[in-house]
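A structural walkthrough
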Amino acid sequence: MVHPLTVSPHVPTDLYEQLQQFYARHMHAGDSGDIGAWAACFTEDAVFASNGLPHPLRGRAAIEATARLGAADRAERGATHRHLVTMLDVHRDHSGAPEDADASVVARSYVLVVESAAGGKASLHLSAVCEDTLVRGDGRWLVRERRVTRDDLPAAPAA
Amino acid sequence: MPDTPLAATVRLQQFYARQVHAVNAADFAAYRDTFIPDAEFTGSGLPDPVRGAGAIAEHSRRLHERRAAQEVVQRHHVTMTALLDRTDGVLAARSCTVIVATALWGRPMIVAGVECVDEFTETDGVLRVRRRRLHPLAS
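Here is what the cut-offs are and how they apply
- Residues numbered from 1 in each chain as written.
- Chains lettered and ligands numbered in written order.
- Predicted model: local features only at pLDDT ≥ 70, side-chain atom pairs only at ≥ 80, totals over all residues.
- Helix = DSSP H or I, 4+ residues; strand = E, 2+ residues; numbered from the N terminus.
- Rg over C-alpha atoms; globule rule 2.2 N^0.38 Å.
- Buried ≥ 20, exposed ≤ 12 C-beta atoms within 10 Å, placed from the backbone.
- Contact = placed C-beta atoms within 7 Å.
- Nonpolar A, V, L, I, M, F, W, Y, C, P; charged D, E, K, R; others polar.
- Pairing = 2+ DSSP bridges.
- Axes fitted to C-alpha atoms, helices over the stretch in contact; angles between N-to-C directions.
- Core = buried A, V, L, I, M, F, W, Y, C linked by C-beta atoms within 7 Å.
- Parallel < 35°, antiparallel > 145°, perpendicular 65-115°, else oblique.
- Left-handed = near helix turned anticlockwise from the far one by under 90°.
- pLDDT = per-residue confidence, 0-100.
- Expected span 1.5 Å × (residues − 1).
- Arc of directions from axis to C-beta.

Here we come to the overall build of chain B. Secondary structure assignment for chain B yields three helices and six strands. In terms of overall size, chain B behaves like a compact globule, its C-alpha atoms giving a radius of gyration of 15 Å where 139 residues would be expected to give roughly 14 Å. For chain B, the spread of C-alpha atoms along the principal axes amounts to about 50 × 30 × 25 Å. For chain B, the proportion of its 139 residues judged to be buried stands at 31%. The contacts of chain B with a sequence gap of at least 6 include a subset with a gap of at least 24, amounting to 42%.

Let us look at the interface of chain A and chain B. Facing 22 residues of chain A, the contacting portion of chain B comprises 29 residues. Sorting the residues of the side of chain A that touches chain B by element identifies α1 (4-7), α2 (13-31), β3 (79-92), β4 (104-117) and β5 (122-137) of chain A as the ones contributing at least two each. When its residues are assigned to classes, the side of chain A that touches chain B shows ten nonpolar, seven polar and five charged.

Residue and element names in this part refer to chain B. A sheet is described by the order of its strands in space; here six strands give the open sequence β2-β1-β6-β5-β4-β3, paired in mixed fashion. A single partner strand is all that each edge strand has here, and the edge strands are β2 (50-51) and β3 (72-83). Inspection of the sheet shows β3 paired to strand β4 (residues 92-103) by ten bridges, in the antiparallel sense. Bridged to T79 within β4 is C96. Against the sheet, helix α1 (residues 5-24) engages β3, β4 and β6 (126-136), with an angle of about 165° to β3. Contacts between helix α3 (residues 53-69) and the sheet are confined to β1 (35-42), β2 and β3, with β1 contributing the most and set at about 60° to the helix.

Moving on: the environment of V111 of chain B. Residues and elements named next belong to chain B. Checked against the element boundaries, V111 lands in strand β5 (residues 109-123). V111 sits twelve residues away from I99 along the chain, and the two C-alpha atoms are 5.7 Å apart. If sequence neighbours within four positions are ignored, V111 has contacts with I99, V100 and A101.

For the rest of this paragraph, the subject is the nonpolar core. By size, the foremost hydrophobic cluster in this structure holds 27 residues, and its most contacted members are M87 of chain A together with Y16, V20, F35, A39, A53 and I56 of chain B. In terms of residue count, the dominant contributor to this core is α1 of chain B (seven residues). Filtering out sequence-adjacent residues up to four positions away, V20 of chain B remains in contact with M87 of chain A together with H76 and V78 of chain B. Grouped together as the second largest cluster of nonpolar side chains are 21 residues, A39, C41, F42 and V105 of chain A included.

Turning our attention to the packing of α2 of chain A against α1 of chain B. At their nearest, the axes of α2 of chain A and α1 of chain B sit 10 Å apart, and the two run at 65° to each other. Overall, the two elements α2 of chain A and α1 of chain B adopt an arrangement that is roughly perpendicular. Of the two elements, α2 of chain A crosses α1 of chain B, and the hand of that crossing is left-handed. Contacts between α2 of chain A and α1 of chain B involve T13, Y16 and E17 of chain A from the first element and L6, A7, V10 and Q14 of chain B from the second. Looking at the contact of α2 of chain A with α1 of chain B, its residues break down into four nonpolar, two polar and one charged.

Read across the open sheet, the six strands follow the order β2-β1-β6-β5-β4-β3 (chain A); overall the sheet is mixed. The outermost strands of the open sheet, each flanked by one partner alone, are β2 (57-58) and β3 of chain A. Where β3 of chain A lies against β4 of chain A, twelve bridges are found, and the strand directions are antiparallel. Note on β4 of chain A: the bridge partner recorded for D89 of chain A is R108 of chain A. On the sheet, helix α4 (residues 60-77) of chain A packs against β1 (42-50), β2 and β3 of chain A and is oriented at approximately 60° with respect to β1 of chain A. Of the strands in this sheet, β3 and β4 of chain A touch α1 of chain B, which is tilted by about 100° from β3 of chain A.

With that settled, consider the confidence of the model for chain B. In the predicted model, chain B carries a mean pLDDT of 93, and the fraction of residues at 70 or more is 97%. Confidence estimates for the predicted assembly give a pTM of 0.92 and an ipTM of 0.94.

All names here are of chain A. Between its first and last C-alpha, α2 extends 27 Å over 19 residues, near the 27 Å set by a 1.5 Å rise per residue. Regarding α2, the residues found buried are Y16, L19, F22, Y23, H26 and G30. The buried residues of α2 occupy one face: seen down the axis, they fall within an arc of 115°. Structural note: α2 exposes D14, Q21 and A24 on the side pointing more than 90 degrees away from its buried face. Positioned one or two residues after α2, G33 has a phi angle of 95°, which is positive.

Backbone geometry follows two general trends: most residues other than glycine have a negative phi, and most peptide bonds adopt the trans configuration. Residue and element names in this part refer to chain A. We note that M87 has phi near 50°; this positive angle belongs to a residue other than glycine. Along the polypeptide, M87 turns up in strand β3. Under the C-beta neighbour-count criterion, M87 is labelled buried, with 23 such atoms within 10 Å.

This is the structure we're talking about:
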């Protein structure tokens, strides 16, 4: 019997390339300190959950505020983070209404965070799995839901 | 219609993403099915080739159980995938794979780096590895 993983259709080349570009720009913005641009990649009502957070962040404003705290902490320490997104796997999102399958996708990737201290060496800081549900809005992709599972922490209990 | 080189490369990126997610998430049934039944796997510290998708998956499962007992999570990062020119029409690619391991409460560490050369077959639109050769990055 063929496992469903290998027969699930690959998404078209242009869609995959769009999402690779999305993640590159999204991470470049956050890593360069443009937290506003990074947060603008989420929908207004986005949810950001992580086993590194005590509870999910709800809404773009809350997500942005938390990200700004992290950026301020790194600035104070003189540290820079670079998020490397690899192993991007994209599927059409069939969890909602049938018409949503063409408007939203589910993307899973690995994220390695490299930390560099001012005048210091770069080192691996964090490894995580990122699972996003993305939707189209204003002619671009936006994250509606993000779940980050850090490899160094216990897995979050199932919702 | 055959894939363009870009389409073929993107298709391989998606293949590797699904294969790696399967093996790192301990879905060995899915991982097994990314190889043809009589696939061959050489390198990675193995003294002899491992033959057969079942044996390849079982080898990975044993290694996974050992890491799980030590509360270590492993991630494969397959990068720099390049199509290889073949005169026999076989789809083949070379990649650089970095393996990162993270212990519970620890920081990630690079535990291995390998060059991976894969040959593929396609049946009913499904790609599978028929031969995998791993070479250490350091010669």
